[in-house]
2 protein chains.
Amino acid sequence: MKATIGLDYGTNSVRSLVVCCETGNELGTATLEYPSGHQGVIIDAQDANLARQHPGDYLVGIETTVIAALQEAQANHPEFSPEQVVGIGVDTTGSSPIPVDAENRALAMMPEWTDNPNAQCWLWKDHTSISEALTITETAREHRPEYVAKCGNTYSSEWFWSKIWHCLNVDEAVFDAAYSWVELADWVPAQLAGISDPVQIKRGVCMAGHKALYADDWKGLPDKEFLSMLNPKLADLRDRLYEKAYDASNSAGNLCTAWAEKLGLTAGIPLAIGEMDVHYGAIGCGIDEGTLVKVIGTSTCDCGVVHADKEIADIPGICGIVKGAILPGYYGVEAGQSAVGDIFKWWVEVVCKSDSSLHAKLEAEVASMKPGESGLLALDWNNGNRTILVDPLLTGLLMGQTLHTTRAEIHRALVEATAFGARAIVERIAEYGVPINQIVCAGGIAEKSSLLMQIYADVTGREMRVASSSQTCALGAAVGAAVVAGIYPDYKSATDVMTSLKDIVYKPNPEAHEVYTRLFKLYVQLQDAFGGVTDSAALGNVMKDLLEIKNEARKTG
Amino acid sequence: MKATIGLDYGTNSVRSLVVCCETGNELGTATLEYPSGHQGVIIDAQDANLARQHPGDYLVGIETTVIAALQEAQANHPEFSPEQVVGIGVDTTGSSPIPVDAENRALAMMPEWTDNPNAQCWLWKDHTSISEALTITETAREHRPEYVAKCGNTYSSEWFWSKIWHCLNVDEAVFDAAYSWVELADWVPAQLAGISDPVQIKRGVCMAGHKALYADDWKGLPDKEFLSMLNPKLADLRDRLYEKAYDASNSAGNLCTAWAEKLGLTAGIPLAIGEMDVHYGAIGCGIDEGTLVKVIGTSTCDCGVVHADKEIADIPGICGIVKGAILPGYYGVEAGQSAVGDIFKWWVEVVCKSDSSLHAKLEAEVASMKPGESGLLALDWNNGNRTILVDPLLTGLLMGQTLHTTRAEIHRALVEATAFGARAIVERIAEYGVPINQIVCAGGIAEKSSLLMQIYADVTGREMRVASSSQTCALGAAVGAAVVAGIYPDYKSATDVMTSLKDIVYKPNPEAHEVYTRLFKLYVQLQDAFGGVTDSAALGNVMKDLLEIKNEARKTG
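These numbers were taken from a predicted model, which means no experiment stands behind them. (Residues numbered from 1 in each chain as written. Chains lettered and ligands numbered in written order. Predicted model: local features only at pLDDT ≥ 70, side-chain atom pairs only at ≥ 80, totals over all residues. Heavy atoms only, no water.)

### Things to note about the relation of the copies chain B and chain A
Here's step 1: Mapping chain B onto chain A calls for a rotation angle of 180° and an axial translation of 0.1 Å; the resulting RMSD is 0.1 Å. Both chain copies can therefore be described as sitting about a two-fold axis. Among all residues of chain B, the one whose C-alpha sits closest to the rotation axis is B:Ser536, at a distance of 1.9 Å.
Here's step 2: Most of the interface of chain B is mirrored in chain A, where 100% of its interface residues are also at the interface. (Least-squares fit on C-alpha atoms with pLDDT ≥ 70 in both. Contact = heavy atoms within 4.5 Å.)

### Overview of the environment of A:Thr499
Residues and elements named next belong to chain A.
Here's step 1: In this fold, Thr499 is placed in the loop between α18 (491-498) and α19 (510-530).
Here's step 2: Considering only alpha carbons, one finds Thr499 and Ser131, 368 residues apart in sequence, at a separation of 42 Å.
Here's step 3: In this view, Thr499 contacts Ile283, Gly284, Cys285, Gly286, Leu475, Val479 and Ala494; residues no more than four positions away in its chain are not counted.
Here's step 4: A distance of 2.8 Å separates a polar atom in the side chain of Thr499 from the backbone oxygen of Thr495. (Helix = DSSP H or I, 4+ residues; strand = E, 2+ residues; numbered from the N terminus. Polar contact = N/O pair within 3.5 Å; in protein donor to acceptor, adjacent residues only side chain to side chain.)

### Structural notes on the sheet that holds strand β4 (residues 42-44) of chain B
All names here are of chain B.
Here's step 1: Read from one edge of the open sheet, 3 strands run β4-β5-β8, paired in antiparallel fashion. Strand pairing shows two members of the sheet lacking a second neighbour, β4 and β8 (121-122), which therefore form its edges.
Here's step 2: Direction of pairing for β4 relative to strand β5 (residues 47-53): antiparallel, over a ladder of 2 bridges. Paired with Ile42 across the two strands is Arg52, which belongs to β5. (Pairing = 2+ DSSP bridges.)

### Points about the domain arrangement of chain A
All names here are of chain A.
Here's step 1: Under the domain assignment used here, chain A contains domain 1 (3-273) and domain 2 (286-557).
Here's step 2: Approximately 2,500 Å² of surface area, both sides summed, lies buried where domain 1 meets domain 2, with 64% of it carried by carbon and sulfur atoms.
Here's step 3: Three residues stand out in domain 1 for area buried against domain 2, namely Cys21, Lys150 and Ala248, and they jointly supply 21% of the buried area on that side.
Here's step 4: Taken together, domain 1 and domain 2 are joined by 1 salt bridge.
Here's step 5: A salt bridge links Asp314 to Lys150; its shortest N-O distance comes to 2.5 Å.
Here's step 6: At the junction of domain 1 with domain 2, the criterion picks out 8 residue pairs in polar contact (both at pLDDT 80 or more).
Here's step 7: At the level of secondary structure, the elements contributing two or more residues to the side of domain 1 that touches domain 2 comprise β1 (3-9), β2 (13-20), β6 (85-92), α7 (205-208) and β13 (270-272).
Here's step 8: Of the residues in the side of domain 1 that touches domain 2, the class split is 18 nonpolar, 13 polar and 8 charged. (Domains from an automatic or database assignment. Buried area = accessible area lost by both parts, 1.4 Å probe. Salt bridge = Lys/Arg side-chain N within 4 Å of Asp/Glu carboxyl O. Nonpolar A, V, L, I, M, F, W, Y, C, P; charged D, E, K, R; others polar.)

### Quick notes on the packing of helix α16 (residues 450-460) of chain A against α19(A)
Residues and elements named next belong to chain A.
Here's step 1: Put simply, α16 and α19 touch, their axes get as near as 7 Å, and they point 70° apart. It follows that α16 is roughly perpendicular to α19 by the angle criterion. When α16 is examined against α19, the residues Ile455, Asp458, Val459 and Thr460 are found in contact with a partner set consisting of Ala512, His513 and Tyr516.
Here's step 2: By residue class, the composition of the contact of α16 with α19 is 4 nonpolar, 2 polar and 1 charged. (Axes fitted to C-alpha atoms, helices over the stretch in contact; angles between N-to-C directions. Parallel < 35°, antiparallel > 145°, perpendicular 65-115°, else oblique.)

### A short note on unusual backbone geometry
Here's step 1: The step from A:Gly94 to A:Ser95 runs through a cis peptide bond, and the omega angle for that step is -5°.
Here's step 2: Position of A:Ser95 among the secondary structure elements: in the loop between β6 and β7 (97-100).
Here's step 3: Omega for the peptide link from B:Thr387 to B:Ile388 comes to 15°, which places this bond in the cis form.
Here's step 4: By secondary structure assignment, the location of B:Ile388 is in the loop between β19 (377-379) and β20 (396-401).
Here's step 5: Although it is not a glycine, A:Lys219 sits at a positive phi angle of roughly 60°.
Here's step 6: Its location among the elements puts A:Lys219 in the loop between α7 and α8 (224-230).
Here's step 7: Judged by relative accessible area, which is 71%, A:Lys219 ranks as exposed. (Buried < 20%, exposed > 50% of the residue type's maximum accessible area, 1.4 Å probe, protein only.)

### Some thoughts on helix α2 (residues 130-143) of chain A
Given 3.6 residues to a turn, an α-helix orients residues that are three or four positions apart in the same direction.
Here's step 1: Taking 1.5 Å per residue, 14 residues should reach 20 Å; α2(A) reaches 20 Å between its end C-alpha atoms and fits that length.
Here's step 2: Buried residues belonging to α2(A) abut α3 (145-149), α4 (160-170) and α8 of chain A. (Expected span 1.5 Å × (residues − 1).)

### As for the state of the cysteines
By definition, a disulfide links the sulfur atoms of two cysteine residues through a covalent bond.
All names here are of chain A.
Here's step 1: Scanning the entire structure with this criterion turns up 0 disulfides over all chains.
Here's step 2: Cys21 supplies the cysteine sulfur nearest to Cys20, a cysteine that is in no disulfide, at a spacing of 6.6 Å.
Here's step 3: A relative accessible area of 5% means that Cys20 is categorised as buried. (Disulfide = S-S within 2.5 Å.)

### Side note on the pattern of salt bridges
All names here are of chain A.
Here's step 1: Tallying each qualifying case throughout the model produces 46 salt bridges over all chains.
Here's step 2: When the shortest N-O distance is used, the salt bridge between Lys492 and Asp496 registers 3.2 Å. In this pair, Lys492 and Asp496 are both assigned in helix α18, 4 residues apart and thus about one turn of the helix distant.
Here's step 3: Note on Lys492: relative accessible area 45%, which makes it partly exposed.
Here's step 4: Through salt bridges that share partners, Asp101, Glu103 and Arg105 make up one connected network.

Printed below as a string of C-alpha cells:
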C-alpha cells in the first residue's frame, strides 16, 4: 500500500487526512482548532474588518494533526505504516499572505512582532484594505486593463496587493521589516521542505493568479511601473517575491529531515504545490471538463475547468480565470456566492432564535410545497454578491410576503434564492463556453439537505451529485501528493481511482424547472435593478407575476 | 344630565357606549361578540374571499349591549338614569349591504334563506366580487369617468354594486327575492325607527358616496343607462333603493315604541344618520379642518375634512372624497393602509412564533436605535396597498438585511414602513389642498406604542396626538346623537365639549426627520417601481444609499 497525506488549513482549524493511493480510502484523520485568537482568528473589537491569524498555529497544526492522523490510520488499518506515506499535499485559505524575514521566518514568530496584528498572517477574510483595493482597481482599469480583465474587472480587498499595501499604509515598520510576503499555501510546503530563502519558494499559480495579478502573459507579477503608481516600495518588493508560479503538476520541494523526524515520515518525499482549499476540493470531487464543482458551506465556491488548448474569453463578473489554477493543463474558472449556509444560519439562529436543529424542521414543513407556491422571492445577497456582480456592498431582499407567510416558507425562499444565485453563475459561465454537464457538490449542506439539492437541480435544470468524501479539500491535496509522488501519471488517472461520488443523483423535474425558470426571470429583474446592471427597470410586473405563479401552484396542488 | 348612546358595529363585535353630553364622560359600556360564524364572520373553507354576517346578530347586539351599558352607567353613576338618554347614534363597517324584502326584513332572517350565505349581510371585507369590480371600473372609466374620479379611478370589490351584482351573477334567486339592499349603517337605525319600507329609509351619504357611486352632482345613484350596461336588473333595482342620501346633520328617524320598550328608553328620541365606523371615529377624535385623524388598528383609516365652500380637486389614488361623508358641511377625504397592526402581528405571531407580549420587548430592544441604523427598508404592502396605489394585489418587501440583522430591527423596519406609507398619504392629500397641521390618532396601537407614535412624528414631520377615548367610533356616534337631539347646534360645539386629546404631544425631531426623509425617498423609489408607477426605475442606488445612511447613523451613535 502507498499513502499520501492531505493537510487542509481552514479558517478555524487545520485537518490532516491519510489516504490510500490505490483505493482513495481515508485511513486516518485529525483536526486542531487554531489555539490563538477567537476561534482561531485574531480580531479587533474596534474594527470588524480585521481578521488575522498567528503563523505559529500553522506549524503546531502540522505536528499535532499529522501525528494523530497517522496514529488513527495505524490503529484502524494494521496493514498501514507511516513509511508507506509517499507524499504530502497542502491546501489553505487564500489570499492569506504572511510577512516573513529573509530566512522565511514569519515576523509574528519573533518576540518583537508577536503582539502586532499587522505582523500576522492576513487572513483571506480581512477587509481592512477596501480603499487600497479600490485604487488598485481604478489604476488597473486605466493603465493595465488586462490585469483585471479575468477577475471581473475588480480587484478585491481580500487579495495579496491590497493587504500588503494597506500594511505599508498603516504600519510601515512591519512593511519595512518584512523581506518578503508569502501566501500561507506556499509557506507551509516551504516550511516542510526547509526552504529558508523566500525567493526560492516554489509558489503556486493558484494563489498567484488574479490574487497577486500574476500571469505568464505579462511575464509574471505586475510590472514595476504599475506598482510604482501605487507606491514605489511595492515596486521594490517585487524583486523579493517571485518570477514564476507553478501549477499542481509540479512539486513544491521535498520533506526536510527535521520535519520528517518530527512527524515520523520518510525524509525526501515530495510535497505538492500548495493550492486554495476549494481548488484541491474540486480535485477531491473529481473535477473534469464538463463538471462544475460547488463547495457549499457558509459561502459557496464554484470551480470549472476548460482545457488549456482552447480559447477562453474573459467572462464578465467571473473572478477569476487562471491557467493551471485548479488542474494542470486547464484554465481554472472560479466563481462563488458570498453567503449560502450563512444565510440559512442567520434565518434560523438570529431571526428565528432557534438552534441548528430547526433547519431540518423547517425543510420538512415545506418539502412538499410546489415551486412558487409561497409567492416569495428573495435575493441571496445578505453578505454581498461575489459572482456575477462582484459587489460586496449589496444586501438581502425578500418580497412577496403576505400576512400568512410562514418562517418555513421564508426559509425555503432563501434556499431558492441561493439556487437562483447558483443558476446565474452557471448560465454566465456556460454562456462563455465553459461546458457544464453535471454539478458535483461537496460540503455539509450538500450531504444533509436533499431538499436543497433537489431545488438546485430543479432551478438549474442540471443533474446534481454529491462527492463521497466529507473532506474533499484534504482528499484533493492528497491526490496532488500522489501525482507529484509519481503514483499516477496525471490528475485524471489519480481522481478516477482516489475520488468518487455518492450514488444518489438529483435529476431536475421538468415541471418544477419550468416554474423555476419563470421565477428566475423575476430574480434576474431584481438582480439587474438592484445590482445596477440596468438603470431603467420596469418592475411593476414582479409582484403580479409572483401572485399568478402562486395561484397556479395552489390550483395544481 | 343628558346622555346619548353610541352603537358601534365592528367586524367581530358590537359595542354600546353611554356618554354624558355635557362632559363627554363615558358612563357605561358593553360589548357582544357576534354569536354566528367564526368570530362573528360566516366564512367558506372553499373560498377565502367570502365574508358574510348574520343580520340577526345585529339585532341581538342592540338589545344585549344597550341594556348592559345602561346598567353599568346606572351602577357607576347614581345620578344617571335611562330617561336622560336623548338620542342614539350608530356606526358600522361598510360597505356591508343586506338584502331585504319589501318590509325591510333581512332575507337571512326568514327560514327559507337563513342558511344561504348570499342572503346574509355581505361584510365589508368580502372579496368575492373582484371580477365585477373590475368591470364596473372599466365601464365607468369609459362611459362615466366622473363616477370613479373621486375614488382613485378604481371601484372596489368591497363596495355596494360589486357585491349586489355578484349576488345576481351567482345566486339570482336571492337577488330576485331581495326587494331592496340596505347598508348595515342604514339598516340598524331604520330598525330602531321601525321603518318598514326600504325606500323610506333615510340613507347616509357616508355609505352612499363612492361606495354606491352616489353624488348630488349626477342626481344620486348611477343612472339607469349605466347600470343597464352592467345588467338590466341592476337598473330596475335603482327604483327600489333611494333618491337622496343625507349627511349627519340629519336624523335617520325616531326610536319606535317597540324598541323603546325593549331597551327601557324614551320612545321618539332621535336617531343619528348611520356612518362608517371610522368616520364617526374621526368625530370622536374631534376632527376639524387641519386635523388628520388616523385610526390605527389592524389596518389604518385616515380621515380629513375640507370646508364645502372650497373647491376640492380629484386626488389621484385617494378613495374617496364625499361631500358630507364625515362632517356635515365638509368634504370628507378618506384614505387608508390595508395593513398596519396586522403586519406587526404577522411578524411577531406568525414568523417569530411568539405572543403579543413580544411587541413591547422588540420595541424596547430597538427604541434607542437611530433612524437608518439598521440599514433596512420595507414596504408595508403585506395586505396590498389601498392608498395611494389602490392595488390590493401588491405584497410585502424587506431589503437591506445582512447576516447580522435581528428580528427586532426587522420589527422596527416594519413600523417605519407603515410610517412611510402614512407619509405617502399625508403628502398626497396635502399636495391637493387638504390642510394638515396635526395628526390625531386613535386605536390601541396609538395608545400603547410611544415608539410608533414618535417614528410617525419623525417620518411625517408633523405633530402627533392621541385621542383620549379608547372608543372613538362609539363616542363619535354618541356625538352625532347629541347633535340630532339638539343638545348642540353643530358638530364643532359638540366635539369641543364631548371629545378630547391626551396630554402627550409627539413632536418631530428635526434630525430624525431629515434622515427619514432620505429613507422616504428610497421608499418612494420602491413604491413607484413595484407599484408600477414608473416603468423605468433606476434602483442601483438603493442598497448603497441604505448602507451610507446606516454607516452615518452608526458613526454619530
